[in-house]
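# Descriptive analysis of the structure
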Amino acid sequence: MNLDGLDGFTIEVPSWAYGNSGTRFKVFTRPGGPRNPYEKLSDAAQVNRLTGLANRVSLHIPWDLVDDWSDLKAHADKLGVRIGAINSNVFQDDDYRLGSLCNPDPAIRRKAIDHHLQCLDVMRQTGSTDLKIWLPDGLNYAGQDSLRGRQERLAEALREIYDASDDNHRILLEYKFFEPYFYSTDIPDWGTSLLHCLALGERATVVLDTGHHAPGTNIEFIVMQLLRQGRLGAFDFNSRYYADDDLIVGSADPFQLFRIMSEIVAADAHRPESRVNFMLDQCHNIEEKIPGQILSVLNVEQALAKALQVDQAALATAQREGDVLGAHQVLMDAYETDVRSALADRREARGLPRDPVKAFGASGYAQTAAAERAGGTQAGWGA
Ligand code: RM4
Ligand code: MN
């Protein structure tokens, strides 16, 4: 089985996946939860150590603020991981009740812009190149504010942030069709995100969070379209049964993940040169965190491995000949291919455990963390 396309393929894991989280009704705690960004990085590094797939960790600001960035960077180096995308946070402050970059009050827009400038500084100090922006901005009632006015304010604020960024920086602009407001969202869809990115310049690209679509949306179509425009900057992978429930990617609909990765392969975008950042945006609410992340990166790897099995020549022939079912069957043959033992062999050949989840259980890491991390306050989603 040819799996060469996996060479150089990596996935970025989020620091917030390791802190305590829960349902909307209850945050569950557990022994050994990380208490600070250092411990979150240590947990994240386990995923890379056992899978060889996840050598970058996204940070969220201010959740992951530290006094000494070079010290955190040195800690990451020691663990064999790097700081990935820096995520801004304008959704947890009273000032942002009516929005952040779109807020009608210029003083609050100023504060939200300044927060992004602070994130750019964090990037300079950590060597990160990606600033990831998700805004909570939106309206609850028709007429509450001017839909158009908010887009103008957004464009102006993004312009200032983009112009303040360095030549090696990218702006990753995320969309979400719902939440936290009900009537409208200021960046509800990929089209709105893309329009802002096109206006900003070529270092601005769209983030596709798989959970941020209406049920039934053809996500792979969006992937294809953004790739055509060279504007797919990153994924936020997760799974959903309904809404943005941040479950393990591929757990609800592995076939959808395969279809997405097939569009990636068709455009050669799995290769590092494409600069598509394959990130996870999940927090595990009842399941164990580190195994949850391990399983997530393995699911993405598996979907890619299957997508690499598509017989492109046979597919092209069937498509050209109008062989509807034959073409579909070529895709299904790849999807139905059992790649598990080939992937385990490949891991073994690279000095990695055949079964990373099992190896994590056997490593005693969780027990050691529980013993060593006594006292202090555990980090939660949002701290
Ligand atoms: C949002 C969005 C962002 C993430 C926050 C926590 O829904 O997905 O990417 O940073 O949640
Ligand atoms: Mn996201």
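As shown above, the structure is provided for reference.
Report on the accompanying structure. (Residues numbered from 1 in each chain as written. Chains lettered and ligands numbered in written order. Predicted model: local features only at pLDDT ≥ 70, side-chain atom pairs only at ≥ 80, totals over all residues. Heavy atoms only, no water.)

Further remarks concern the overall build of the protein chain. Looking only at helices and strands, one finds 13 helices and 10 strands in the protein chain. In terms of overall size, the protein chain behaves like a compact globule, its C-alpha atoms giving a radius of gyration of 21 Å where 383 residues would be expected to give roughly 21 Å. Dimensions of the protein chain, computed from C-alpha atoms along their principal axes, come out at roughly 60 × 60 × 40 Å. Sorting the 383 residues of the protein chain into buried and exposed places 54% on the buried side. Sequence separation of 24 or more characterises 78% of the internal contacts of the protein chain that already satisfy a separation of 6 or more. Summing over all exposed atoms, the protein chain offers an accessible surface of approximately 16800 Å²; the carbon and sulfur share of this is 51%. Here the protein chain contributes 39 positive and 54 negative side-chain charges, whose respective centroids are spaced 2 Å apart. (Helix = DSSP H or I, 4+ residues; strand = E, 2+ residues; numbered from the N terminus. Rg over C-alpha atoms; globule rule 2.2 N^0.38 Å. Buried < 20%, exposed > 50% of the residue type's maximum accessible area, 1.4 Å probe, protein only. Contact = heavy atoms within 4.5 Å. Areas by Shrake-Rupley, 256 points an atom, 1.4 Å probe, with all protein chains shown as cover. Lys, Arg positive; Asp, Glu negative; His and termini not counted. Charge placed at Lys NZ, Arg CZ, Asp CG, Glu CD.)

In the structure shown here, the tally under the stated rule is 29 salt bridges. Close ionic contact of Arg110 with Glu160 constitutes a salt bridge, the shortest N to O distance being 2.8 Å. Here Glu160 lies in helix H4 (residues 147-164) and Arg110 lies in helix H3 (residues 106-126), a separation of 50 residues in the sequence. A relative accessible area of 33% means that Arg110 is categorised as partly exposed. Given a relative accessible area of 31%, Glu160 falls into the partly exposed group. Among the salt bridges present, the one from Arg271 reaches Asp268, with a minimum N-O distance of 3.5 Å. (Salt bridge = Lys/Arg side-chain N within 4 Å of Asp/Glu carboxyl O.)

This next bit is on the packing of helix H8 (residues 289-307) against helix H12 (residues 356-363). It is the contact of H8 with H12, at a shortest axis distance of 9 Å, that shows an interaxial angle of 160°. On the basis of the axis angle, H8 is roughly antiparallel to H12. When the axes of H8 and H12 are compared, the crossing they make is right-handed. Packed against H8, whose contacting residues are Ile290, Pro291, Ile294, Leu295 and Leu298, the element H12 presents Pro356, Val357 and Phe360 at the interface. (Axes fitted to C-alpha atoms, helices over the stretch in contact; angles between N-to-C directions. Parallel < 35°, antiparallel > 145°, perpendicular 65-115°, else oblique. Left-handed = near helix turned anticlockwise from the far one by under 90°.)

Further remarks concern the packing of aromatic side chains. Enumeration according to the criterion identifies 12 aromatic pairs in this entry. Each ring, one from Phe255 and one from Tyr335, has its centre 4.8 Å from the other, and the planes form 55°; the classification is tilted. With Phe255 in helix H7 (residues 254-266) and Tyr335 in helix H10 (residues 324-336), the pair connects residues that are 80 residues apart, well separated along the chain. A relative accessible area of 23% means that Phe255 is categorised as partly exposed. Aromatic pair Phe258 and Tyr335: ring centres 5.2 Å apart, planes at 50°, arrangement tilted. Highlighted residues: Phe258 in helix H7 and Tyr335 in helix H10, separated in sequence by 77 residues. For the pair shown, Phe258 and Tyr335 are each scored as buried. Taken together, the ring pairs connect Phe9, Phe235, Phe237 and Phe278 into an aromatic cluster. (Phe/Tyr/Trp six-rings, centres within 6.5 Å; stacked < 30°, edge-to-face > 60°.)

The residue Leu172 is located in strand S6 (residues 170-174) in this model. Among the residues examined, Leu172 registers a relative accessible area of 0% and is labelled buried. Distance from Leu172 to Asp355, taken between C-alpha atoms, is 34 Å for residues 183 residues apart in sequence.

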